[in-house]
Amino acid sequence: MKFYIPPQLTRLSIAFAIFITLFLLLRKLLIPDTFGQYGHYRGDSLTDNALPVVHYAGQQACLECHQDIEDQKQADVHSRIKCETCHGPGQKHSESAEATNILKPDSREFCGNCHEKNAARRSEAVVQIIINEHNTGKKCIECHNPHQPWTMKE
Amino acid sequence: MEPGYPHLTEILSHIQGYIFPNEIDLQWGILIVVYPFITGLVAGAFILASLERVFRVKILKPTYQLALLTALSFLLVATLPLISHLAQPLRAYEIMITPHGSSAMAIFGFVYLWYLMVVLLLEIWFDYRQSMVIWSQEKTGIMKWVYKIITLGLSDISPRTLEWDRKLGYFITVIGIPSAFILHGYVGFIFGSIKANPWWSTPLMPIIFLFSAMVSGIAMVMLIYMVVSYIRTKDLDINVLDAIGKYLFFVLILDFTIEGLDQIHRIYEAEESFETIKLLVEGKLYLTLFISQGLIGTLIPLGLLAFLQFYKGRIRLRKTLYFITGILILIGVYSMRWNVVIGGQLFSKSFSGFTSFKVGLIGLDGTLMAAFWLILPFGILAFLLWLLPPWKMVPEDY
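Here the structure is a predicted model, which means the values were calculated and not measured. (Residues numbered from 1 in each chain as written. Chains lettered and ligands numbered in written order. Predicted model: local features only at pLDDT ≥ 70, side-chain atom pairs only at ≥ 80, totals over all residues.)

A.B. asks: Sorry, what's going on with the overall build of chain A here?
C.D. replies: Tallying secondary structure elements over chain A gives seven helices and two strands in all. For chain A, whose C-alpha radius of gyration is 31 Å, the value lies well above the compact-globule estimate of 15 Å for 154 residues. Projecting the C-alpha coordinates of chain A onto the three principal axes gives extents of approximately 110 × 40 × 25 Å. Taking all 154 residues of chain A together, 9% fall into the buried category. (Helix = DSSP H or I, 4+ residues; strand = E, 2+ residues; numbered from the N terminus. Rg over C-alpha atoms; globule rule 2.2 N^0.38 Å. Buried ≥ 20, exposed ≤ 12 C-beta atoms within 10 Å, placed from the backbone.)

A.B. asks: Honestly, helix H11 (residues 274-282) of chain B in this entry has me stumped. Any pointers?
C.D. replies: Residue and element names in this part refer to chain B. For H11, the set of buried residues is Thr276, Ile277 and Leu280. Along the axis of H11, the buried residues cluster in a sector spanning 95°; they form a single face. Opposite the buried face of H11, by more than 90 degrees, sit the exposed residues Glu275 and Glu282. If you follow the buried residues of H11, they end up packed against helix H14 (343-346). (Arc of directions from axis to C-beta. Contact = placed C-beta atoms within 7 Å.)

A.B. asks: Help me understand the interface of chain A and chain B in this model?
C.D. replies: When the parts come together, some accessible area is lost, and that loss is often what is quoted as the size of the interface. Of the residues lining the interface, 14 residues belong to chain A; the matching set on chain B comes to 17 residues. Looking at the side of chain A that touches chain B residue by residue, the class counts come to eight nonpolar, three polar and three charged. (Nonpolar A, V, L, I, M, F, W, Y, C, P; charged D, E, K, R; others polar.)

A.B. asks: Explanation requested: the packing of helix H2 (residues 30-53) of chain B against helix H9 (residues 205-231) of chain B in the structure shown.
C.D. replies: Each pair of packed helices can be described by the angle between their axes along with the distance between the axes. All names here are of chain B. Running from amino to carboxyl end, H2 crosses H9 at an angle of 70°, the nearest separation of the two axes being 6 Å. Taken together, the axis directions place H2 and H9 in an arrangement best described as roughly perpendicular. Note on element contacts: H9 touches H2 through Phe209, Ser212, Ala213, Met214, Val215, Ser216, Gly217, Ile218, Met220 and Val221, opposite Pro36, Gly40, Leu41, Ala43, Gly44, Ala45, Ile47 and Leu48. Taken together, the residues of the contact of H2 with H9 sort by class into 13 nonpolar, five polar and no charged. (Axes fitted to C-alpha atoms, helices over the stretch in contact; angles between N-to-C directions. Parallel < 35°, antiparallel > 145°, perpendicular 65-115°, else oblique.)

A.B. asks: Can you help me understand the pairing of strand E2 (residues 148-152) of chain A in this one?
C.D. replies: In regular strands, side chains alternate between the two faces of the sheet. Residues and elements named next belong to chain A. With zero of five residues buried, E2 is to be regarded as a mostly surface element. Across two bridges, strand E1 (residues 144-145) lies against E2 in antiparallel orientation. By the bridge assignment for E2, His144 is matched with Met152. Hairpin connection, E1 to E2: the antiparallel pair is bridged by two residues. (Pairing = 2+ DSSP bridges.)

A.B. asks: What is the right way to read unusual backbone geometry from this model?
C.D. replies: The phi angle of most residues is negative, glycine excepted, and most peptide bonds adopt the trans form. All names here are of chain B. In this structure, Thr233 takes a positive phi of about 45° despite not being glycine. Here Thr233 shows up in the loop between H9 and helix H10 (238-269). Using a count of 6 C-beta atoms within 10 Å as the deciding quantity, one classes Thr233 as exposed. The phi dihedral of Ala270 falls on the positive side, at around 40°, and the residue is not glycine. The residue Ala270 is located in the loop between H10 and H11 in this model. When the 11 C-beta atoms within 10 Å are taken as the criterion, Ala270 is described as exposed.

A.B. asks: Looking at this model, I keep getting lost on the nonpolar core. Mind explaining?
C.D. replies: Grouped together as the largest cluster of nonpolar side chains are 100 residues, with contacts concentrated most on B:Val42, B:Ala45, B:Ala71, B:Val215, B:Ile218 and B:Val221. What B:Ile218 contacts, discounting residues up to four positions off in sequence, is B:Gly44, B:Leu48, B:Ile244, B:Tyr247, B:Leu248 and B:Val251. (Core = buried A, V, L, I, M, F, W, Y, C linked by C-beta atoms within 7 Å.)

A.B. asks: What's the story with the confidence of the model for chain B in this structure? I'm lost.
C.D. replies: Where the model shows low pLDDT, its predicted coordinates should not be examined in detail. Mean pLDDT over chain B works out to 88, with 96% of the residues at or above the 70 mark. In the predicted complex, the global pTM is 0.81; the interface-specific ipTM is 0.76. (pLDDT = per-residue confidence, 0-100.)

A.B. asks: Honestly, helix H1 (residues 7-30) of chain A in this entry has me stumped. Any pointers?
C.D. replies: Turn by turn, an α-helix covers 3.6 residues, leaving residues three or four places apart pointing in a common direction. In this model, H1(A) (24 residues) spans 34 Å end to end at C-alpha, consistent with the 34 Å of a helix rising 1.5 Å per residue. With one of 24 residues buried, H1(A) lies mostly on the surface of the structure. (Expected span 1.5 Å × (residues − 1).)

A.B. asks: Before we go on, may I ask you to explain the environment of B:Met222 in this structure?
C.D. replies: Residue and element names in this part refer to chain B. With respect to the helices and strands, the residue Met222 is situated in helix H9. When the 26 C-beta atoms within 10 Å are taken as the criterion, Met222 is described as buried. In this structure, the C-alpha to C-alpha distance between Met222 and Ile327, residues 105 residues apart in sequence, is 10.0 Å.

A.B. asks: Just checking my understanding: could you explain the environment of B:Thr320 for this structure?
C.D. replies: Residue and element names in this part refer to chain B. Mapped onto the fold, Thr320 is located in helix H13 (residues 315-341). You can call Thr320 exposed: it has 11 C-beta atoms within 10 Å. Residues Thr320 and Pro198, spaced 122 residues apart in sequence, show a C-alpha to C-alpha distance of 40 Å.

If you want it as structure tokens, here you go:
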């Protein structure tokens, strides 16, 4: 007896063969050229990621000019906070230093980002006050030197 | 905070306790909630269809094609929330065409294509082939050619070939059941395998996802069956509803039990993450977990379905109750996806803090986009029902 192949299977095999060929062709067209250059990703994405402009200069760049401030800071509780944490991104400032191209935050709200009373914050790690009650009407930096918070100004 | 990060300033004001910088902004938003919800509907609808085909539950016959077409409509949309979430239309599709065995995400291309091409399309094709051949002979003009093309030009409807349609269709359905389990088990695996996240990391996760998928898929097909009957002004068969309701009841009990088991296990083990998770479920997830998922989506439907197992009185009331149950279950399963996806990102890996999530309305990752992906399958289903109406099929005699 002749081996019987249902006609559906023949048609489907042809359809699947066409589909798989098309899929492979499309895949070849759609996958970027540099895919797999280094690993299972687009090689060009490394270049793309290198493109964004650098905003932060890094602690080392600050110390080239401001070692004196760093020495002050090391003597007090803000010693582990890096300059750009408060002063913001400093790449521009490190390229051409002007007083205007770096942040000098002095508002009560800014200090409150860390020091406003928050029950979920560990009080033994961060000193906390209630901004609306603590010496209202004055800026924090009128009494506290931000680089040396416990050395009170007159 | 300096200008340029206004949304972060907003979020920062809602942060509690200690949290690492990369945990402030949620990486997975509402579209990643929609994705497992849609995939679950596919798997659930397919499993309902296979009840009829493989396990010969004859009473479910009127929902068989409806369930298959529902599964297909939702499957066609399943990848789209992922791709639009990635927000890179020119390369987001790469995740689908460059599968890789070492990445749970990048293997979705394989899982998806297998399920779409080998299971769902083939089963529908074998099932509809005889009818499509007859339609292609009856229709004129462009529709004649449309049907000719989707029959792949094969017009053989001799008894021997039809017998093979049945055999092959049956074979595909048998393969389809484990495939549907794999499809949705896989979605659970994506979360369950993330060992760094104690809210997700449990080997029960694929099973939980699978059972909630079955619950949502069966509820969705039940609702679609009711709505389609209403639109066609045909009386819907209360016996069919009772049968679906019975399966829905059993699967919902299983789903509830397994999820409860997972939680009991978590509570009894009380690992170091437990304090945070306790705060999470009692705080930010309270509404979506206890009220929306637990009460509205599970306990009330369980009560209603249990009542409907015994109450065989007024048909109109039973229909209304089934309809309400279906809607509540869908709300519950959607909330479950929300609790997993969003809940798992709300607490810090330091176990000492929480971030918050506010879903946007517009934009590629917003509510409107999510609503669009949820509505689109119904449009596709309407088209498929017009192209391949189950009620105009050639009656089968087996």
